[in-house]
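# Tertiary structure, described
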Amino acid sequence: MAANNNIYDCYRPPAQEFVRGEGPYLYTKEGDKYLDFIAGIAVAGFGHAHPKLVEALTSQAANLWHLSNMFKNPGQAELAKRYCDQLEWADKIFFTNSGAEAVECAMKTARRYQYDSGHPERVDIITFSGAFHGRTMSTVTAGGNPKYMEGFGPAIPGFINLEFGDHEALKAAISDTTAAILVEPVQGEGGLRPLPPECLRGLRAMCDEHGLMLIYDEVQCGAGRTGKLFAHQWVEGGHPDIMAAAKGMGGGYPLGACIASAEAAQYMVPGTHGSTYGGGPMAMAVGHAALDLMEEDGFMENVIQVSNFLKQQFEGLKDEFPDMIEELRGKGLLMGLKLKVPNVDVRMKAMEHGLLVGTAGDNVLRMAPPLIITEDHVREAIEALRKALTDVKNKA
Ligand SMILES: *Cc1c(COP(=O)(O)O)cnc(C)c1O
(Lines give C-alpha, C1' and ligand atoms only; values in the text may rest on other atoms or scores of the structure.)
Protein backbone atom coordinates (compact mmCIF):
# COMPACT_ATOMS: atom_id res chain seq x y z
CA MET A 1 0.00 0.00 0.00
CA ALA A 2 1.50 3.32 -1.03
CA ALA A 3 1.91 5.75 1.84
CA ASN A 4 1.97 9.47 1.17
CA ASN A 5 5.60 9.45 0.11
CA ASN A 6 8.36 7.09 -1.05
CA ILE A 7 10.25 6.93 2.22
CA TYR A 8 10.29 3.84 4.45
CA ASP A 9 7.63 4.34 7.08
CA CYS A 10 10.00 3.63 9.99
CA TYR A 11 9.52 7.12 11.40
CA ARG A 12 6.44 9.27 11.94
CA PRO A 13 7.67 12.86 11.84
CA PRO A 14 5.30 15.74 12.72
CA ALA A 15 3.93 18.01 9.99
CA GLN A 16 6.39 20.85 10.63
CA GLU A 17 9.27 21.06 8.17
CA PHE A 18 12.46 22.57 9.49
CA VAL A 19 14.60 24.27 6.91
CA ARG A 20 17.09 26.28 8.94
CA GLY A 21 18.85 26.21 12.27
CA GLU A 22 20.77 28.73 14.29
CA GLY A 23 22.26 28.03 17.71
CA PRO A 24 19.64 26.16 19.76
CA TYR A 25 16.77 27.24 17.49
CA LEU A 26 15.15 25.61 14.45
CA TYR A 27 12.95 27.42 11.94
CA THR A 28 10.19 26.05 9.70
CA LYS A 29 9.48 26.94 6.09
CA GLU A 30 6.86 29.37 7.40
CA GLY A 31 9.42 30.99 9.71
CA ASP A 32 8.09 29.55 12.98
CA LYS A 33 10.77 29.26 15.65
CA TYR A 34 11.34 26.28 17.94
CA LEU A 35 13.75 25.81 20.83
CA ASP A 36 15.59 22.55 20.15
CA PHE A 37 16.03 20.59 23.40
CA ILE A 38 16.76 17.28 21.70
CA ALA A 39 19.45 18.33 19.18
CA GLY A 40 19.01 15.37 16.83
CA ILE A 41 19.21 13.15 19.91
CA ALA A 42 22.38 14.44 21.55
CA VAL A 43 24.10 15.17 18.24
CA ALA A 44 24.04 18.93 17.56
CA GLY A 45 26.00 19.70 20.72
CA PHE A 46 27.18 23.06 19.43
CA GLY A 47 23.76 24.10 18.21
CA HIS A 48 22.87 24.47 14.55
CA ALA A 49 25.08 26.06 11.90
CA HIS A 50 27.93 26.83 14.28
CA PRO A 51 30.21 29.18 12.27
CA LYS A 52 33.40 27.26 13.17
CA LEU A 53 31.93 23.93 12.07
CA VAL A 54 30.54 25.46 8.89
CA GLU A 55 33.95 26.95 8.14
CA ALA A 56 35.76 23.64 8.79
CA LEU A 57 33.38 21.69 6.56
CA THR A 58 33.20 24.14 3.69
CA SER A 59 36.92 24.80 3.48
CA GLN A 60 37.57 21.06 3.50
CA ALA A 61 34.86 20.57 0.86
CA ALA A 62 36.72 22.94 -1.46
CA ASN A 63 39.87 20.84 -1.11
CA LEU A 64 39.30 17.10 -0.90
CA TRP A 65 36.22 15.03 -0.12
CA HIS A 66 37.20 11.42 -0.16
CA LEU A 67 40.11 9.03 -0.39
CA SER A 68 39.07 5.84 1.47
CA ASN A 69 41.37 4.36 4.07
CA MET A 70 43.59 2.90 1.34
CA PHE A 71 45.38 6.25 1.62
CA LYS A 72 46.25 8.37 4.62
CA ASN A 73 43.26 10.60 5.34
CA PRO A 74 44.22 14.19 6.16
CA GLY A 75 43.75 14.96 9.82
CA GLN A 76 42.98 11.38 10.88
CA ALA A 77 46.16 10.55 12.81
CA GLU A 78 46.06 13.98 14.47
CA LEU A 79 42.43 13.62 15.60
CA ALA A 80 43.12 10.12 16.91
CA LYS A 81 46.07 11.47 18.90
CA ARG A 82 44.02 14.32 20.30
CA TYR A 83 41.36 11.91 21.60
CA CYS A 84 43.90 9.39 22.94
CA ASP A 85 45.76 12.20 24.75
CA GLN A 86 42.51 12.92 26.65
CA LEU A 87 42.04 9.32 27.80
CA GLU A 88 44.93 7.80 29.70
CA TRP A 89 43.82 4.23 28.88
CA ALA A 90 43.37 4.81 25.11
CA ASP A 91 45.96 4.27 22.36
CA LYS A 92 44.17 3.32 19.15
CA ILE A 93 41.15 4.56 17.20
CA PHE A 94 39.10 3.32 14.27
CA PHE A 95 36.85 6.08 12.89
CA THR A 96 33.31 5.22 11.76
CA ASN A 97 30.26 6.96 10.30
CA SER A 98 27.79 6.04 13.01
CA GLY A 99 27.28 4.75 16.51
CA ALA A 100 26.26 1.25 15.48
CA GLU A 101 29.43 0.89 13.41
CA ALA A 102 31.50 2.04 16.36
CA VAL A 103 29.82 -0.59 18.58
CA GLU A 104 30.35 -3.26 15.88
CA CYS A 105 34.04 -2.40 15.74
CA ALA A 106 34.25 -2.52 19.54
CA MET A 107 32.66 -5.98 19.66
CA LYS A 108 34.91 -7.28 16.88
CA THR A 109 37.96 -5.86 18.67
CA ALA A 110 36.98 -7.63 21.92
CA ARG A 111 36.37 -10.99 20.27
CA ARG A 112 39.51 -10.78 18.18
CA TYR A 113 41.53 -9.99 21.29
CA GLN A 114 40.25 -13.15 22.98
CA TYR A 115 40.75 -15.22 19.82
CA ASP A 116 44.37 -14.23 19.26
CA SER A 117 45.40 -14.21 22.91
CA GLY A 118 44.70 -17.92 23.31
CA HIS A 119 40.96 -17.95 24.07
CA PRO A 120 39.08 -18.54 20.82
CA GLU A 121 36.24 -20.05 22.89
CA ARG A 122 35.52 -16.66 24.49
CA VAL A 123 32.87 -15.17 22.21
CA ASP A 124 29.92 -14.18 24.42
CA ILE A 125 29.18 -10.54 25.01
CA ILE A 126 27.16 -9.71 28.12
CA THR A 127 24.73 -6.77 27.87
CA PHE A 128 21.93 -5.37 30.07
CA SER A 129 18.19 -4.75 29.82
CA GLY A 130 17.27 -1.24 28.73
CA ALA A 131 20.44 -1.05 26.66
CA PHE A 132 20.55 0.44 23.19
CA HIS A 133 23.50 -0.18 20.91
CA GLY A 134 22.16 0.52 17.42
CA ARG A 135 19.96 -0.93 14.69
CA THR A 136 22.23 -3.29 12.76
CA MET A 137 21.58 -7.03 13.14
CA SER A 138 24.23 -7.56 15.80
CA THR A 139 23.65 -4.31 17.68
CA VAL A 140 19.90 -4.98 18.02
CA THR A 141 20.78 -8.40 19.37
CA ALA A 142 23.24 -6.77 21.79
CA GLY A 143 20.54 -4.31 22.91
CA GLY A 144 18.24 -7.25 23.58
CA ASN A 145 14.98 -5.33 23.05
CA PRO A 146 12.60 -7.98 21.60
CA LYS A 147 10.56 -5.26 19.84
CA TYR A 148 13.59 -4.28 17.75
CA MET A 149 14.37 -7.91 16.83
CA GLU A 150 10.91 -9.18 15.94
CA GLY A 151 10.63 -10.51 12.41
CA PHE A 152 14.31 -10.22 11.61
CA GLY A 153 15.18 -13.89 11.83
CA PRO A 154 17.07 -15.77 14.49
CA ALA A 155 18.90 -13.76 17.12
CA ILE A 156 22.63 -13.69 16.46
CA PRO A 157 24.35 -16.09 18.84
CA GLY A 158 26.97 -14.92 21.30
CA PHE A 159 24.98 -12.38 23.30
CA ILE A 160 23.68 -12.68 26.86
CA ASN A 161 21.26 -9.98 28.00
CA LEU A 162 20.94 -9.65 31.78
CA GLU A 163 18.63 -7.64 34.02
CA PHE A 164 20.05 -4.13 34.63
CA GLY A 165 21.50 -3.95 38.15
CA ASP A 166 21.26 -7.69 38.94
CA HIS A 167 24.75 -8.30 40.34
CA GLU A 168 24.13 -11.94 41.21
CA ALA A 169 22.93 -12.73 37.70
CA LEU A 170 26.06 -11.10 36.32
CA LYS A 171 28.37 -13.17 38.52
CA ALA A 172 26.51 -16.33 37.56
CA ALA A 173 26.57 -15.50 33.85
CA ILE A 174 30.35 -15.19 33.50
CA SER A 175 31.74 -18.42 32.09
CA ASP A 176 34.59 -19.89 30.03
CA THR A 177 32.95 -18.55 26.88
CA THR A 178 32.55 -14.93 28.02
CA ALA A 179 34.53 -12.43 25.94
CA ALA A 180 33.31 -9.03 27.06
CA ILE A 181 30.83 -6.90 28.97
CA LEU A 182 29.18 -4.11 26.99
CA VAL A 183 27.43 -1.28 28.85
CA GLU A 184 26.39 2.36 28.54
CA PRO A 185 27.74 4.43 31.48
CA VAL A 186 24.46 6.36 31.17
CA GLN A 187 21.68 4.44 29.45
CA GLY A 188 20.12 6.75 26.85
CA GLU A 189 17.28 5.11 24.96
CA GLY A 190 16.43 2.89 27.94
CA GLY A 191 15.33 5.84 30.09
CA LEU A 192 18.39 7.91 31.02
CA ARG A 193 19.71 5.66 33.77
CA PRO A 194 23.28 6.43 34.93
CA LEU A 195 25.26 3.46 36.19
CA PRO A 196 26.43 4.22 39.76
CA PRO A 197 30.21 4.87 39.99
CA GLU A 198 30.72 1.78 42.18
CA CYS A 199 29.17 -0.33 39.40
CA LEU A 200 31.63 0.94 36.79
CA ARG A 201 34.49 0.18 39.19
CA GLY A 202 32.93 -3.20 39.96
CA LEU A 203 32.70 -4.08 36.28
CA ARG A 204 36.33 -3.04 35.79
CA ALA A 205 37.42 -5.32 38.65
CA MET A 206 35.28 -8.18 37.36
CA CYS A 207 36.72 -7.90 33.85
CA ASP A 208 40.27 -7.82 35.22
CA GLU A 209 39.59 -10.88 37.37
CA HIS A 210 38.18 -12.96 34.50
CA GLY A 211 40.23 -11.63 31.59
CA LEU A 212 37.24 -9.98 29.93
CA MET A 213 37.18 -6.88 27.78
CA LEU A 214 35.12 -4.02 29.23
CA ILE A 215 33.35 -2.11 26.45
CA TYR A 216 31.59 1.20 27.06
CA ASP A 217 29.00 2.50 24.67
CA GLU A 218 29.34 6.28 25.06
CA VAL A 219 27.65 7.02 21.76
CA GLN A 220 24.99 9.10 23.52
CA CYS A 221 26.57 10.12 26.84
CA GLY A 222 30.00 11.05 25.41
CA ALA A 223 31.27 14.13 23.54
CA GLY A 224 30.81 16.53 26.45
CA ARG A 225 27.18 15.60 27.17
CA THR A 226 27.72 15.14 30.93
CA GLY A 227 30.27 17.94 31.37
CA LYS A 228 33.32 15.78 30.71
CA LEU A 229 34.54 14.64 27.31
CA PHE A 230 33.28 11.15 28.19
CA ALA A 231 30.91 10.20 31.01
CA HIS A 232 33.15 7.49 32.50
CA GLN A 233 35.78 10.16 33.21
CA TRP A 234 33.67 11.14 36.23
CA VAL A 235 34.59 7.80 37.78
CA GLU A 236 38.09 7.21 39.11
CA GLY A 237 39.16 3.65 38.36
CA GLY A 238 36.27 2.91 36.01
CA HIS A 239 37.88 2.98 32.59
CA PRO A 240 37.06 0.55 29.76
CA ASP A 241 39.33 -1.40 27.40
CA ILE A 242 37.30 -0.38 24.39
CA MET A 243 34.75 2.37 23.85
CA ALA A 244 32.27 3.32 21.15
CA ALA A 245 31.55 7.01 20.57
CA ALA A 246 29.66 8.94 17.89
CA LYS A 247 26.61 11.24 18.06
CA GLY A 248 28.07 14.51 19.43
CA MET A 249 31.60 14.00 18.06
CA GLY A 250 30.83 15.62 14.73
CA GLY A 251 28.19 18.08 15.93
CA GLY A 252 25.81 16.78 13.25
CA TYR A 253 28.27 15.54 10.66
CA PRO A 254 28.40 11.70 10.72
CA LEU A 255 31.43 10.79 12.81
CA GLY A 256 31.97 7.94 15.22
CA ALA A 257 34.93 6.16 16.74
CA CYS A 258 35.94 2.90 18.30
CA ILE A 259 38.62 3.77 20.85
CA ALA A 260 40.77 1.04 22.42
CA SER A 261 43.82 0.40 24.55
CA ALA A 262 46.95 -0.83 22.73
CA GLU A 263 46.46 -4.23 24.32
CA ALA A 264 42.84 -4.56 23.21
CA ALA A 265 43.50 -3.39 19.65
CA GLN A 266 46.74 -5.29 19.03
CA TYR A 267 45.14 -8.00 16.87
CA MET A 268 43.13 -5.67 14.65
CA VAL A 269 45.66 -6.02 11.85
CA PRO A 270 45.33 -5.50 8.07
CA GLY A 271 42.31 -7.33 6.74
CA THR A 272 40.41 -7.60 10.04
CA HIS A 273 38.24 -4.50 9.64
CA GLY A 274 37.47 -1.70 7.23
CA SER A 275 35.21 1.14 6.18
CA THR A 276 34.85 3.05 2.92
CA TYR A 277 33.80 6.36 4.41
CA GLY A 278 34.98 6.11 8.03
CA GLY A 279 37.56 8.72 8.99
CA GLY A 280 37.30 10.59 5.69
CA PRO A 281 38.60 14.14 5.19
CA MET A 282 35.26 15.90 5.75
CA ALA A 283 34.54 14.06 8.99
CA MET A 284 38.06 14.68 10.25
CA ALA A 285 37.88 18.41 9.49
CA VAL A 286 34.63 18.72 11.42
CA GLY A 287 35.88 16.40 14.16
CA HIS A 288 38.87 18.66 14.83
CA ALA A 289 36.69 21.77 14.90
CA ALA A 290 34.19 20.09 17.25
CA LEU A 291 36.96 19.01 19.62
CA ASP A 292 38.42 22.54 19.49
CA LEU A 293 35.06 23.84 20.70
CA MET A 294 34.84 21.26 23.49
CA GLU A 295 38.35 22.20 24.61
CA GLU A 296 37.62 25.93 24.75
CA ASP A 297 37.82 27.51 28.21
CA GLY A 298 34.48 27.40 29.94
CA PHE A 299 32.77 24.94 27.59
CA MET A 300 32.48 22.01 30.02
CA GLU A 301 31.90 24.40 32.92
CA ASN A 302 28.88 25.75 31.04
CA VAL A 303 27.52 22.22 30.58
CA ILE A 304 27.86 21.57 34.32
CA GLN A 305 26.41 24.93 35.42
CA VAL A 306 23.50 24.95 33.01
CA SER A 307 22.68 21.33 33.77
CA ASN A 308 22.62 22.09 37.50
CA PHE A 309 20.25 24.97 36.81
CA LEU A 310 18.09 22.74 34.60
CA LYS A 311 17.98 20.16 37.35
CA GLN A 312 16.83 22.78 39.90
CA GLN A 313 14.13 23.94 37.53
CA PHE A 314 13.00 20.35 36.97
CA GLU A 315 12.77 19.88 40.75
CA GLY A 316 10.51 22.92 40.81
CA LEU A 317 8.32 21.48 38.04
CA LYS A 318 8.12 18.20 39.89
CA ASP A 319 6.82 20.02 42.99
CA GLU A 320 4.32 21.86 40.81
CA PHE A 321 3.09 18.72 39.04
CA PRO A 322 3.47 15.88 41.56
CA ASP A 323 0.70 13.88 39.84
CA MET A 324 2.46 14.01 36.50
CA ILE A 325 6.21 13.86 37.18
CA GLU A 326 7.56 10.84 39.02
CA GLU A 327 11.29 11.53 39.04
CA LEU A 328 14.28 13.21 37.44
CA ARG A 329 16.64 11.08 35.40
CA GLY A 330 20.00 11.41 33.70
CA LYS A 331 23.31 13.22 34.02
CA GLY A 332 24.57 16.56 32.78
CA LEU A 333 22.64 17.72 29.73
CA LEU A 334 21.28 14.25 29.08
CA MET A 335 18.30 14.76 31.30
CA GLY A 336 14.80 13.44 31.54
CA LEU A 337 11.57 13.39 33.45
CA LYS A 338 9.94 10.08 34.20
CA LEU A 339 6.26 10.85 33.84
CA LYS A 340 3.01 9.47 35.23
CA VAL A 341 1.18 10.58 32.07
CA PRO A 342 2.14 9.39 28.57
CA ASN A 343 5.47 10.97 27.59
CA VAL A 344 4.37 11.30 23.95
CA ASP A 345 1.40 13.49 24.97
CA VAL A 346 3.68 15.93 26.77
CA ARG A 347 6.16 15.88 23.88
CA MET A 348 3.40 16.83 21.41
CA LYS A 349 2.05 19.59 23.64
CA ALA A 350 5.57 20.95 24.21
CA MET A 351 5.95 21.26 20.45
CA GLU A 352 2.74 23.29 20.28
CA HIS A 353 4.43 25.66 22.73
CA GLY A 354 7.60 25.90 20.65
CA LEU A 355 9.79 23.36 22.43
CA LEU A 356 11.27 20.22 20.87
CA VAL A 357 11.95 17.33 23.24
CA GLY A 358 12.28 13.59 22.82
CA THR A 359 11.10 10.47 24.55
CA ALA A 360 12.95 7.44 25.91
CA GLY A 361 12.03 4.08 27.39
CA ASP A 362 10.34 3.79 30.78
CA ASN A 363 7.96 6.67 29.91
CA VAL A 364 10.73 9.25 30.16
CA LEU A 365 10.59 12.64 28.49
CA ARG A 366 14.11 12.98 27.11
CA MET A 367 16.08 16.19 26.78
CA ALA A 368 19.51 16.53 25.20
CA PRO A 369 19.82 20.22 24.30
CA PRO A 370 22.84 21.76 22.57
CA LEU A 371 25.67 22.05 25.09
CA ILE A 372 26.00 25.79 24.41
CA ILE A 373 22.62 26.76 25.91
CA THR A 374 22.31 29.41 28.61
CA GLU A 375 20.07 29.72 31.66
CA ASP A 376 17.72 31.88 29.58
CA HIS A 377 17.18 28.98 27.20
CA VAL A 378 16.44 26.76 30.19
CA ARG A 379 13.86 29.27 31.47
CA GLU A 380 12.23 29.34 28.04
CA ALA A 381 12.10 25.54 27.95
CA ILE A 382 10.66 25.28 31.47
CA GLU A 383 7.94 27.79 30.59
CA ALA A 384 6.96 25.71 27.55
CA LEU A 385 7.03 22.50 29.59
CA ARG A 386 4.85 24.10 32.27
CA LYS A 387 2.27 24.99 29.60
CA ALA A 388 2.51 21.52 28.06
CA LEU A 389 2.04 19.78 31.40
CA THR A 390 -0.91 22.06 32.21
CA ASP A 391 -2.52 21.25 28.85
CA VAL A 392 -2.13 17.51 29.37
CA LYS A 393 -3.41 17.81 32.95
CA ASN A 394 -6.53 19.73 31.91
CA LYS A 395 -7.27 17.31 29.11
CA ALA A 396 -7.10 14.34 31.50
C1 LIG B 1 22.28 6.25 19.04
C2 LIG B 1 23.02 5.19 19.75
C3 LIG B 1 23.66 4.13 19.04
C4 LIG B 1 23.53 3.97 17.56
O5 LIG B 1 24.06 5.04 16.86
P6 LIG B 1 23.70 5.23 15.30
O7 LIG B 1 24.55 6.38 14.89
O8 LIG B 1 22.24 5.50 15.23
O9 LIG B 1 24.07 3.97 14.62
C10 LIG B 1 24.38 3.23 19.78
N11 LIG B 1 24.49 3.32 21.11
C12 LIG B 1 23.89 4.29 21.81
C13 LIG B 1 24.08 4.35 23.30
C14 LIG B 1 23.13 5.25 21.16
O15 LIG B 1 22.52 6.21 21.86
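Residues numbered from 1 in each chain as written. Predicted model: local features only at pLDDT ≥ 70, side-chain atom pairs only at ≥ 80, totals over all residues. Heavy atoms only, no water.

Strand order in this open sheet of four strands is β1-β2-β3-β15, and the pairing throughout is mixed. What marks the edges here is a single partner per strand, and that holds for β1 (18–22) and β15 (355–356). The sheet contact formed by strand β2 (residues 25–28) and strand β3 (residues 33–36) spans three bridges and is antiparallel. Across the sheet, residue Tyr27 finds its bridge partner in β3, namely Lys33. (Pairing = 2+ DSSP bridges. Helix = DSSP H or I, 4+ residues; strand = E, 2+ residues; numbered from the N terminus.)

The subject of this paragraph is the UniProt feature "modified residue: N6-(pyridoxal phosphate)lysine" (unreviewed entry) in the protein chain. As recorded in UniProt, the feature "modified residue: N6-(pyridoxal phosphate)lysine" (unreviewed entry) lies at Lys247. As for its placement among the helices and strands, Lys247 is situated in the loop between β11 (242–245) and β12 (256–260). Lys247 gets classed as partly exposed once you look at its relative accessible area, which sits at 23%. (UniProt positions renumbered as here; feature names shortened; annotations may be inferred. Buried < 20%, exposed > 50% of the residue type's maximum accessible area, 1.4 Å probe, protein only.)

This part covers the domain arrangement of the protein chain. When cut into domains, the protein chain gives domain 1 (18–50 + 298–395) and domain 2 (64–294). Using only C-alpha atoms to locate each centre, domain 1 and domain 2 end up separated by 27 Å. Across the contact, 28 residues belong to domain 1 and 25 residues belong to domain 2. Of the roughly 2200 Å² buried between domain 1 and domain 2 on both sides combined, carbon and sulfur atoms contribute 66%. (Domains from an automatic or database assignment. Contact = heavy atoms within 4.5 Å. Buried area = accessible area lost by both parts, 1.4 Å probe.)

Moving on, we come to the UniProt feature "binding site: pyridoxal 5'-phosphate" (unreviewed entry) in the protein chain. Within this numbering scheme, the UniProt entry marks Gly99, Ala100, Phe132, Asp217, Glu218, Val219, Gln220 and Thr276 as carrying the feature "binding site: pyridoxal 5'-phosphate" (unreviewed entry). With the annotated positions falling across 178 residues, the maximum pairwise C-alpha distance of 24.9 Å shows that they are not confined to a single cluster. Discounting residues that sit within four places of it in the chain, Gly99 has contacts with Val219 and Ala246. Tracing the chain through its elements places Phe132 in the loop between β5 (124–128) and α5 (137–143). Take Phe132: its relative accessible area is 18%, and that puts it in the buried class. In this structure Phe132 touches Tyr148, Glu184, Glu189 and Asp217, once residues within four positions along its chain are discounted.

Read from one edge to the other, the open sheet built from four strands follows the order β13-β14-β17-β16, with strand pairing classed as antiparallel. Either end of the sheet is taken by a strand with one partner, and the two such strands are β13 (325–331) and β16 (358–360). Across the sheet, the mean angle separating the axes of adjacent strands is 30° when strand polarity is ignored. Taken strand by strand, helix α12 (residues 343–352) contacts β14 (334–339), β16 and β17 (364–367), and its axis lies near 170° from that of β16. (Axes fitted to C-alpha atoms, helices over the stretch in contact; angles between N-to-C directions.)

To continue, consider the environment of Arg225. Tracing the backbone through its elements, the reader meets Arg225 in the loop between β10 (213–217) and β11. By relative accessible area, which is 2% here, Arg225 ends up buried. Between the C-alpha atoms of Arg225 and Val43, which are 182 residues apart in sequence, the distance is 9.5 Å. If we skip the residues at most four places from it in the chain, Arg225 touches Ala42, Gly45, Gln220, Val303, Lys331, Gly332, Leu333, Leu334, Ala368, Pro369, Pro370 and Leu371.

On to α12, then. Where α12 is concerned, the buried positions are Asn343, Val346, Ala350 and Met351. Viewed end-on, α12 has its buried residues packed into an arc of 140°, placing them on one side of the element. The exposed set on the far side of α12, more than 90 degrees from its buried face, consists of Met348 and Glu352. Within two residues after α12, Gly354 carries a phi angle of roughly 85°, on the positive side. (Arc of directions from axis to C-beta.)

This part covers the site of the ligand. Within the structure, the ligand sits among Ser98, Gly99, Ala100, Phe132, His133, Gly134, Glu184, Asp217, Val219, Gln220 and Lys247. Note that an oxygen atom of the ligand is positioned 2.8 Å from one of the backbone N or O atoms of Ala100. Tallied by class, the residues present in the shell around the ligand amount to three nonpolar, five polar and three charged. (Near = heavy atom within 4 Å. Polar contact = N/O pair within 3.5 Å; in protein donor to acceptor, adjacent residues only side chain to side chain. Nonpolar A, V, L, I, M, F, W, Y, C, P; charged D, E, K, R; others polar.)

Our next topic: the packing of helix α2 (residues 51–61) against helix α10 (residues 281–295). The N-to-C vectors of α2 and α10 enclose an angle of 155°; their axes lie 9 Å apart at closest approach. Between α2 and α10, the interaxial angle falls into the category roughly antiparallel. Judged by the twist between their axes, the crossing of α2 over α10 is right-handed. Contact residues: α2 offers Lys52, Leu53, Ala56, Leu57, Gln60 and Ala61, while α10 offers Pro281, Met282, Ala285, Val286, Ala289, Ala290 and Leu293. Taken together, the residues that form the contact of α2 with α10 break down as 11 nonpolar, one polar and one charged. (Parallel < 35°, antiparallel > 145°, perpendicular 65-115°, else oblique. Left-handed = near helix turned anticlockwise from the far one by under 90°.)

As a further point, take the packing of α12 against helix α13 (residues 375–395). It is the contact of α12 with α13, at a shortest axis distance of 8 Å, that shows an interaxial angle of 125°. For the element pair α12 / α13, the angle class is oblique. As for the relative orientation of α12 and α13, their crossing is right-handed in sense. In this structure, α12 contributes Asp345, Val346, Lys349 and Ala350 to the contact, and α13 contributes Leu385, Ala388, Leu389, Asp391, Val392 and Lys395. Class assignment for the residues of the contact of α12 with α13 results in six nonpolar, no polar and four charged.

Taken as a whole and judged by the stated rule, the model has zero disulfides. Free cysteine: Cys84, not disulfide-bonded; nearest cysteine sulfur from Cys258 at 11 Å. Cys221 takes part in no disulfide bond, and the closest cysteine sulfur to it belongs to Cys199, at a distance of 15 Å. Accessibility expressed as a relative area gives 0% for Cys221, which makes it buried. (Disulfide = S-S within 2.5 Å.)

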